[in-house]
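Coordinate analysis (summary)
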Amino acid sequence: MKFWSDFYDLLMPDLPGCPAAAADSALRQSSIAFCEQSLAWQTEHQPVFVMGDIAEYPFSPPEGAAVHAIINAVLDGEEIEPFAGEKNITIKNWSRQTGNPRYVLGGSSSLTLIPTPDSNGVLAVTVALKPSTTSTGIDDGLFHEYREAIIHGAMGRLMLSPKKPYTNIQLAAYHQQQFIIKTAAAGMRVARSYARAPLQTAILRRG
């Protein structure tokens, strides 16, 4: 893992007087936004042992990470569809149905199989991760591959701070634009690479 301070060599020279705590917070929020929008940090979750009549199962992400989305799910060798609908509507409509699950729904801390399974099984899930709100750094691969995008995002946030030595509205707009461009490019690489991505922790790279 790389700590937020590992970004300082490229961040702090443009932010005179910026406290380390403020820089860490901006880097964390930028990293979270980058991962949410690009889905560039993907990993195979540890197997989920499904039990009949139990629909909800907690996620177990790596330390300092949180699950953002379910990318792929396979129950006993059969692929089931990640569902992106409203959780309350989904459960209300299907909670009384039985049979093999057709959908898997990701929440903030757990996944829900819909309808509730009526037999035991093993669920293999590929998830998109992001740093947690208390993380002290990011995955090494993310740092090396996407450090520039994350720094742009952090600078865009920090330069909007009012009445600071580093306040600069025009530069903030530039850095925000660069963050959007680089995050979108990372997302496009994910879309192109997903079909051949390895089913282990994968930072999807250029090319």
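Conventions and cut-offs
Residues numbered from 1 in each chain as written. Predicted model: local features only at pLDDT ≥ 70, side-chain atom pairs only at ≥ 80, totals over all residues. Heavy atoms only, no water. Helix = DSSP H or I, 4+ residues; strand = E, 2+ residues; numbered from the N terminus. Contact = heavy atoms within 4.5 Å. Areas by Shrake-Rupley, 256 points an atom, 1.4 Å probe, with all protein chains shown as cover. Polar contact = N/O pair within 3.5 Å; in protein donor to acceptor, adjacent residues only side chain to side chain. Salt bridge = Lys/Arg side-chain N within 4 Å of Asp/Glu carboxyl O. Buried < 20%, exposed > 50% of the residue type's maximum accessible area, 1.4 Å probe, protein only. Phe/Tyr/Trp six-rings, centres within 6.5 Å; stacked < 30°, edge-to-face > 60°. Axes fitted to C-alpha atoms, helices over the stretch in contact; angles between N-to-C directions. Left-handed = near helix turned anticlockwise from the far one by under 90°. Nonpolar A, V, L, I, M, F, W, Y, C, P; charged D, E, K, R; others polar. Core = buried A, V, L, I, M, F, W, Y, C linked by side-chain atoms within 4.5 Å. pLDDT = per-residue confidence, 0-100.

Looking only at helices and strands, the protein features 5 helices and 11 strands. Summarising the internal contacts of the protein: among those between residues at least 6 apart in sequence, 71% fall at separations of at least 24. Accessible area of the protein: about 11000 Å², with a carbon and sulfur share of 53%.

Moving on, we get to the side chain of T183. When you line up the elements, T183 lands in helix α5 (residues 169-193). One polar contact links the side chain of T183 to the main-chain carbonyl oxygen of F179, over a distance of 2.7 Å. When sequence neighbours within four positions are dropped, the list of residues in contact with T183 reads F34, Q37 and S38.

As enumerated under the stated definition, the model contains 2 salt bridges in all. E36 is the salt-bridge partner of K130, the closest N and O atoms lying 2.8 Å from each other. Residue K130 is found in strand β9 (residues 121-131), and its partner E36 is found in helix α2 (residues 20-38); the two are separated by 94 residues along the sequence. Classification of K130 as buried rests on a relative accessible area of 18%. Linking K182 and E148 is a salt bridge whose minimum nitrogen-to-oxygen distance equals 3.5 Å. Of this pair, K182 sits in helix α5 while E148 sits in helix α4 (residues 140-158), and the two are 34 residues apart along the sequence. The class for K182 is partly exposed, based on a relative accessible area of 26%. Assessed through its relative accessible area of 46%, E148 is described here as partly exposed.

Right, let's get into the packing of aromatic side chains. Tallied over the entire structure, the rule returns 3 aromatic pairs. Here the aromatic rings of F34 and Y146 are separated by 4.9 Å at their centres, their planes lie at 45 degrees, and the arrangement is tilted. Residue F34 is located in helix α2, and its partner Y146 is located in helix α4; the two are separated by 112 residues in the primary sequence. Take F34: its relative accessible area is 0%, and that puts it in the buried class. The exposure class assigned to Y146 is buried, which follows from its relative accessible area of 3%. Joined through ring pairs, the aromatic side chains of W4, F7 and F143 make up one cluster.

Attention shifts here to the packing of α2 against α4. The geometry of α2 relative to α4 is characterised by a closest axis approach of 8 Å and an angle of 115 degrees between their N-to-C directions. Of the two elements, α2 crosses α4, and the hand of that crossing is right-handed. Contact with α2, carried on its side by A22, A23, A26, L27, Q29, S30, S31, A33, F34 and C35, involves L142, Y146, A149, I150, G153, A154, R157 and L158 of α4 and no other residues of that element. When its residues are assigned to classes, the contact of α2 with α4 shows 13 nonpolar, 4 polar and 1 charged.

Close contact between α4 and α5 brings their axes to 8 Å; oriented N to C, the two are set at 145 degrees. Handedness of the α4/α5 crossing: left-handed. In this structure, α4 uses Y146, E148, A149, H152, G153, M155 and G156 to contact α5, whose residues at the interface are A172, Y174, H175, Q176, Q178, F179, K182, A186 and R189. Across the contact of α4 with α5, the residue classes break down as 7 nonpolar, 6 polar and 3 charged.

Counting residues in each nonpolar core, the largest one holds 47 residues, and the members touching the most others are F7, L11, F34, I70, L111, L113 and L123. Looking at this core, the elements with two or more residues in it are α2, β3 (48-50), β5 (65-75), β8 (110-114), β9, α4 and α5. Ranked by residue count, the leading element in this core is α4, at 9 residues.

It is worth spelling out the confidence of the model for the protein at this point. Averaged over every residue, the pLDDT of the protein is 87; the share at 70 or more is 85%. pLDDT under 50 marks residues 86-97. Its contacts with residues more than four places away, or in other chains, come to 16 contacts. The model gives residues 197-207 a pLDDT under 50, and that stretch makes 35 contacts with residues more than four places away or in other chains.

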